[in-house]
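Tertiary structure, described
Below are the chains, spelled out letter by letter.
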Number of protein chains: 2
Amino acid sequence: MSNLNLVERVDLPVDRIPERWYNIVPDLPELPERYLDNATGKPATQEYLERLLVKAMAAQESSIERWITIPEPVREAYRLWRPTPLIRAVALERELGTPAQIWFKYEGTSPSGSHKLNSAIAQAYYAKRDGHQKLITDTGAGQWGSALALACRLMGLDLLVFMVRASFHHKPYRRYLMETYGAEVRPSPSETTRFGADLLRRRPDHPGSEATAVSEALECVYDNEDARFAVGAFANFCLLHHTIIGQEVREQLAIAGRTPDYLIAPVGCGSNLGGFAFPFVHDKLDGADITIIAAEPEACPTLTRGEFRLDFADASGRGPGVYTYTLGHDYVPPPIHAGGLRYHGCAPLVGLIRREGILDAVAFAQTDVFRAAALFARCQGYLPAPESAHAIKAAIDVALECKRTGRAATIVFNYSGHGLLDLEAYERFNAGTLRDIEEEDFVLPVPAPLASAGAGL
Amino acid sequence: MSNLNLVERVDLPVDRIPERWYNIVPDLPELPERYLDNATGKPATQEYLERLLVKAMAAQESSIERWITIPEPVREAYRLWRPTPLIRAVALERELGTPAQIWFKYEGTSPSGSHKLNSAIAQAYYAKRDGHQKLITDTGAGQWGSALALACRLMGLDLLVFMVRASFHHKPYRRYLMETYGAEVRPSPSETTRFGADLLRRRPDHPGSEATAVSEALECVYDNEDARFAVGAFANFCLLHHTIIGQEVREQLAIAGRTPDYLIAPVGCGSNLGGFAFPFVHDKLDGADITIIAAEPEACPTLTRGEFRLDFADASGRGPGVYTYTLGHDYVPPPIHAGGLRYHGCAPLVGLIRREGILDAVAFAQTDVFRAAALFARCQGYLPAPESAHAIKAAIDVALECKRTGRAATIVFNYSGHGLLDLEAYERFNAGTLRDIEEEDFVLPVPAPLASAGAGL
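Residues numbered from 1 in each chain as written. Chains lettered and ligands numbered in written order. Predicted model: local features only at pLDDT ≥ 70, side-chain atom pairs only at ≥ 80, totals over all residues. Heavy atoms only, no water.

1. Things to note about the relation of the copies chain A and chain B
In the superposition of chain A on chain B (RMSD 0.0 Å, axial shift 0.0 Å), the rotation amounts to 180 degrees. Considering both components of the superposition, the chain copies are consistent with a two-fold axis. (Least-squares fit on C-alpha atoms with pLDDT ≥ 70 in both.)

Written out as structure tokens, the structure is:
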């Protein structure tokens, strides 16, 4: 008889939604470098940031306050799906035969399907409050775009989304979801911007990347005085908004009577790693034995193979210049299924903790990630987004290492979103054709753009 | 400033998962008629039922015990996602300007996406316990198939699913999900059974129906001594398993300090209406002023336009004969997007309470259903399955009637599953082409099969 003891769960009551966002900046060994205004070559002014961003966001970006109170309407909206559960993957542990405990924070309960809604609601709220009519943004696989589309609909704002072309075609359901919420969605590169049209002229089959989508979104913001750019990852304020994840995890682990030995999150740019792990960083700095691991794709190995230096945040070089890990802003990652991880750089705050040795990083091949995802789905039922599956793969590897060493460690990973709209990728995995795609991907020699990227600035 | 007070929620702790299933049979004004064995024309014997069904299911089908204890392993598995939340759709109420409260039981949190997992886990558990290696079933839109695929994977059973051809093509993602869990999925009609091959010979573009899929599944069960048929709706035991929904709702409403005035569920065959509403039926029989409403598609109006009589449960007539509301077992509903509602009949227990005047019924056009679904998604974020959207449409109609009369009623509907794998249908709605499809559907004169159905027996 199979064992149907599948999970242990820690649910929090709705009044335990955190009241404040946690800002890691004052707790870091040093302050992040300021953004550069590429037009002047000088540090970006507040005026520069406020032309791009909603004013409140520009202010939060430079804040050195440790705790920032969540506006009550935003906290009210969080009650739609928060707090999210912390779940112990008992069936997966049994399958692996590991003495370790594997816990995951399940952010896939949000109506848009991922953690991204945490920041989307905050950004839409402030945009409305500050009198804007329209937000413009980029999205990779569409998790951020879906979240912002819902948030804008709730706030009565217009939204234009540039969706990376590879995902626009491979993940049509996320586009349909955005459109159902009322957003306008364009592929990037598109013919609708000067930057996009120019890219397509030079490479008609350009698959796009987060960086090209940012460039097109920024061009539209510059062309429209009333619109502002909404940021799905990267920015300090975006990571800040997601720290409600880690704060809930702290409380849930305390209820479960566990302290974390490993904290694992996927990283494209860093929003979910930041939100999940930052609230634990000062424990680590105070001496707690916590290993924090970023899981990224081999096809876009920013933290494992990139370098820490000044680079552009977007492909066109019109966005701000920033110090962080980068593969070069002109790096075009192969069209892997984890579209949300196809960004050449990472959030400056994630780059900083990586450089300071606070953050470990691992990179995985796409087939190994899907193998881990399918195993997880078959044990625990929940189908992970390919992005989240990177964290699952890392968690499984650590659990198997614990099996070898006999260590009963507590592994906690962030299950950032469900993969129900990524089922086309699963079907390719089921059919055994995923490996072929991946091998084709790696015809592009991954290190090459690194060598040429130095010319960026 | 938009109002972000979107919901009120009542969550139950995990130890409040019901310990027993509620069997409505002993509380009904009369017992349901026994099934007929069509080979003999006589009432079906236990032996007949046990050849089709897992033994424990055949026993539950005839049970007159009011409460049946849930096996502890099944209850453990329910902890994967249960209890599910009861949510008040505050934003929708505000949008409608109604004095009524609109609550919904959100069954979409299950890993397979709908309430169907409640019975799938129970049936897979008993099949394993009783020594079977394989289950065979039918599925419409794939909600039941996905649930059973996961349940069989958890129990280590093989599964063969016949998926209605219209949905097999229009809802590929549900098929991919079943395959990811490890099930074999075939379209119905298929060339792999005698019944299916014969249908296709006569009508190569046959869209299939729940009834054709049942026929093919039954044929395979008859051909395989070790396999048994798993039932996604219809059977008493299936509705029984879902009564944990209504039991949770009772407790949640009590916590919210409300008593229900309207209980609304979509009906294809009746599994979610039964599970949701049966635990309230004896309150109604005891005099409580509760209106119970079944919401069905105009394209398959079993309860609003069918007749109560003896008919076959499947299209081939090899399955059991049964007394209930039916459109005729040879009725082929047009390929609407709510694939889960395309069944010519309804569960005998649902038919019985309909005949006894306990159950009201309404039927809706597909476009009106999608309009309600999109409004709901834009207000509350959660994207409903087209099946569930029938209940939303009915709830909105009642809420608007309350607005006219000024009645502060408590409306509760069952949100049986999410629509994330139905986004292709939403895209057609967004693009404005859904109406065309529907009008084309209705070129088939809906009442016609009713007139000809009498020849069925």
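2. Focus: the pattern of salt bridges
Residue and element names in this part refer to chain A. Enumeration over the complete set of coordinates arrives at 60 salt bridges over all chains. With its nearest N and O atoms 2.7 Å apart, the salt bridge here joins Glu-251 to Arg-16. Of this pair, Glu-251 sits in helix α12 (residues 243–256) while Arg-16 sits in the loop between β1 (7–10) and β2 (20–22), placing them 235 residues apart in sequence. You can call Glu-251 partly exposed: its relative accessible area is 23%. Here Arg-371 and Asp-368 are joined by a salt bridge, their closest N and O atoms 2.8 Å apart. Residue Arg-371 and its partner Asp-368 are located together in helix α16 (residues 366–380), separated by three residues, close to a single helical turn. In this structure Asp-368 comes out as partly exposed when scored by relative accessible area, which is 28%. (Salt bridge = Lys/Arg side-chain N within 4 Å of Asp/Glu carboxyl O. Helix = DSSP H or I, 4+ residues; strand = E, 2+ residues; numbered from the N terminus. Buried < 20%, exposed > 50% of the residue type's maximum accessible area, 1.4 Å probe, protein only.)

3. Digging into the domain arrangement of chain A
Frequently, the measure chosen for interface size is the accessible area removed from exposure when the parts meet. Residue and element names in this part refer to chain A. Along its sequence, chain A is organised into domain 1 (7–19 + 82–113 + 242–431) and domain 2 (22–70 + 116–236). Each of domain 1 and domain 2 was reduced to a C-alpha centroid, and the two centroids are 22 Å apart. Listed by partner, the interface residues are 61 residues for domain 1 and 57 residues for domain 2. At the junction of domain 1 with domain 2, the criterion picks out three salt bridges. The closest approach of N and O atoms between Arg-174 and Asp-422, which form a salt bridge, is 2.9 Å. Elements that contribute at least two residues to the side of domain 1 that touches domain 2 include exactly α12, α13 (271–285), β14 (307–312), β15 (321–326), α15 (348–355), α17 (386–405) and α18 (423–430). The element best represented in the side of domain 1 that touches domain 2 is α13, accounting for six residues. In the side of domain 1 that touches domain 2, the residues fall into 30 nonpolar, 19 polar and 12 charged. (Domains from an automatic or database assignment. Contact = heavy atoms within 4.5 Å. Nonpolar A, V, L, I, M, F, W, Y, C, P; charged D, E, K, R; others polar.)

4. Section: the sheet that holds strand β6 (residues 86–89) of chain B
Paired through backbone hydrogen bonds, the strands of a sheet run either parallel or antiparallel to each other. Residue and element names in this part refer to chain B. With respect to topology, seven strands assemble into an open sheet ordered β1-β6-β7-β17-β12-β13-β16, the strand pairing being mixed. One side of each edge strand has no neighbouring strand; the edge strands of this open sheet are β1 (7–10) and β16 (359–364). Sheet twist, expressed as the average angle between the axes of neighbouring strands with direction ignored, equals 25 degrees. Bridge count for strand β12 (residues 262–266) against strand β13 (residues 291–297) is five bridges, and the pairing is parallel. Within β13, the residue paired with Ile-264 across the bridge is Ile-293. Contacting β7 (101–106), β12, β13, β16 and β17 (410–415), helix α12 (residues 271–285) crosses the sheet at an angle of about 155 degrees to β12. (Pairing = 2+ DSSP bridges. Axes fitted to C-alpha atoms, helices over the stretch in contact; angles between N-to-C directions.)

5. Considerations on the interface of chain A and chain B
Counting residues at the interface gives 49 residues for chain A, matched by 49 residues for chain B. Note on chain A versus chain B: buried area summed over both sides is about 4700 Å², and carbon and sulfur give 64% of it. Looking only at chain A, the three residues that lose the most surface to chain B are A:Leu4, A:Tyr173 and A:Arg378, adding up to 16% of its buried area. On inspection of chain A and its partner chain B, the count reaches zero salt bridges. Inspection of the region where chain A meets chain B yields 19 residue pairs in polar contact (both at pLDDT 80 or more). No other element matches the eight residues that helix α8 (residues 172–181) of chain A contributes to the side of chain A that touches chain B. Among the residues making up the side of chain A that touches chain B, the classes are represented as 27 nonpolar, 11 polar and 11 charged. (Buried area = accessible area lost by both parts, 1.4 Å probe. Polar contact = N/O pair within 3.5 Å; in protein donor to acceptor, adjacent residues only side chain to side chain.)

6. What about helix α9 (residues 194–202) of chain B?
Those residues of α9(B) that sit buried are B:Phe195, B:Gly196, B:Ala197, B:Leu199 and B:Leu200. Residues of α9(B) that are buried make contact with α7 (165–170) and α10 (210–223) of chain B.

7. As for the packing of aromatic side chains
Counted by the stated rule, this structure contains 35 aromatic pairs over all chains. An angle of 20 degrees between the planes, with centres 6.3 Å apart, marks the rings of A:Tyr35 and A:Phe234 as stacked. Residue A:Tyr35 is located in the loop between β2 and β3 (36–37), and its partner A:Phe234 is located in the loop between β11 (227–229) and α11 (236–241); the two are separated by 199 residues in the primary sequence. By relative accessible area, which is 11% here, A:Phe234 ends up buried. Judged by centre distance (6.1 Å) and plane angle (85 degrees), the ring pair of B:Phe234 and B:Tyr343 falls under edge-to-face. Taken together, the residues B:Phe234 in the loop between β11 (227–229) and α11 (236–256) and B:Tyr343 in the loop between β15 (321–326) and α14 (348–355) connect sequence positions 109 residues apart. (Phe/Tyr/Trp six-rings, centres within 6.5 Å; stacked < 30°, edge-to-face > 60°.)

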